[in-house]
Structure formats: C-alpha cells, structure tokens
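In case you want the letters, here they are:
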Amino acid sequence: GKYLKSAFLDGCEMYEDQNQTENSGVGDLYLQCVSNAAVYRPTFVSAIFFACTAVAARMSPSLNKEIWPAKYSAYLIALIITLF
C-alpha cells in the first residue's frame, strides 16, 4: 500500500509544492511526473528484456525457440519489480 504509492511519488514532491504555490488547482506538473514514473519504468524493463533476448537469439538461434516459461517468468518478475 504505502510503499507502492511512495515508489511512484518519489522525486515528484518538488512539483507538488510548486503547484500549491501557483494555485493551479489541478497539479499538472505533479500529475505528469507521477504518470511518467508509472510509464517509463515498465517501458525501460521491456526494452532491456527484448534487447537481451534479441542478442541471445542472435548468438544462439535455438534460444529463440526454447525456454519460453523461463522467459515469461523473468519478464513478469521484472515488470512486478518496477512497481516497487
């Protein structure tokens, strides 16, 4: 609960204070900062994962057709880690 919320809000506090002083009411910068944290983490993990699998498939083409349960498990675990 609190830890998960804290993980996405970490680093965005400066925008929360800025929006309160400007009386914007919506918190555009704060909302954008939190949204970026929610999008860029899993996107980065996906890019790294697929780049690694592409390199591995290039080095050993048989790896592209094997060990799918391990690949899916590693990918899902990496995505879950980005939540924290």
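Predicted, not measured: the structure shown is a model, and the values here were computed from it. (Residues numbered from 1 in each chain as written. Predicted model: local features only at pLDDT ≥ 70, side-chain atom pairs only at ≥ 80, totals over all residues. Heavy atoms only, no water.)

Q: Honestly, the overall build of the protein in this entry has me stumped. Any pointers?
A: Counting its regular elements, the protein contains four helices and zero strands. Looking at the protein as a whole, 17% of its 84 residues are labelled buried. Partitioning the intrachain contacts of the protein with sequence separation of at least 6 by distance along the chain shows that 55% fall at a separation of at least 24. Accessible surface, the protein: about 6,400 Å² in total, of which carbon and sulfur atoms supply 67%. (Helix = DSSP H or I, 4+ residues; strand = E, 2+ residues; numbered from the N terminus. Buried < 20%, exposed > 50% of the residue type's maximum accessible area, 1.4 Å probe, protein only. Contact = heavy atoms within 4.5 Å. Areas by Shrake-Rupley, 256 points an atom, 1.4 Å probe, with all protein chains shown as cover.)

Q: Please explain the layout of surface pockets as it appears in this structure.
A: Sizing a probe to match a water molecule and rolling it over the atoms shows the empty space that remains. Computed from the structure, the largest pocket encloses a volume of approximately 190 Å³. Along the walls of the largest pocket sit Phe49, Phe50, Thr53, Ala56, Ala57, Leu63, Asn64, Ile67, Trp68, Lys71, Tyr72 and Tyr75, which together make up its complete lining. Ranked by residues supplied to the lining of the largest pocket, first place goes to helix α3 (residues 28-59) with five residues. Residue classes in the lining of the largest pocket are distributed as nine nonpolar, two polar and one charged. (1 Å grid on protein atoms, 1.4 Å probe; cavity = no way out; pocket = protein on both sides within 12 Å on 5 of 7 lines; lining within 4 Å. Points joined across faces, edges and corners; volume = space filled by probe spheres on them. Nonpolar A, V, L, I, M, F, W, Y, C, P; charged D, E, K, R; others polar.)

Q: I'm lost on a nonpolar patch on the surface in this one. Help?
A: Together, Ile80, Leu83 and Phe84 give the surface a local cluster of nonpolar side chains, amounting to about 290 Å² of exposed area. By the element assignment, Leu83 lies in the segment after α4 (68-81). (Patch = residues over 30% accessible without salt bridge, like charges linked within 9 Å, V, L, I, M, F, W, Y side chains within 5 Å. Salt bridge = Lys/Arg side-chain N within 4 Å of Asp/Glu carboxyl O.)

Q: What is the right way to read α3 from this model?
A: Quick reminder: α-helices carry 3.6 residues per turn. Residues three or four places apart thus point the same way. End to end, α3 covers 46 Å across 32 residues, agreeing with the expected 46 Å (1.5 Å per residue, within 8%). Listed as buried for α3 are Cys33, Val34, Ala37, Val45, Ser46 and Phe49. (Expected span 1.5 Å × (residues − 1).)

Q: Can you help me understand the environment of Ile81 in this one?
A: The topology assignment puts Ile81 in helix α4. Sequence separation between Ile81 and Arg41 is 40 residues, and the spatial gap between their C-alpha atoms is 9.5 Å.

Q: Would you mind showing me how to read the confidence of the model for the protein here?
A: Close inspection of predicted coordinates is inappropriate for parts of the model with low pLDDT. For the protein, per-residue confidence averages 81 on the pLDDT scale, and 79% of positions sit at 70 or higher. Across the protein, the element-wise mean pLDDT spans from 65 in helix α2 (residues 13-22) up to 91 in α4. (pLDDT = per-residue confidence, 0-100.)

Q: I would appreciate a short explanation of the side chain of Lys71 in the present structure.
A: The residue Lys71 is located in helix α4 in this model. In this structure Lys71 is buried but unpaired, with Glu66 as the nearest side chain of opposite charge at 7.9 Å. Setting aside residues no more than four positions away along its own chain, Lys71 makes contact with Phe49, Leu63, Asn64 and Glu66. (Lys, Arg positive; Asp, Glu negative; His and termini not counted.)

Q: Explanation requested: unusual backbone geometry in the structure shown.
A: Even without being a glycine, Ile67 presents a positive backbone phi close to 45°. Mapped onto the elements, Ile67 comes out in the loop between α3 and α4.

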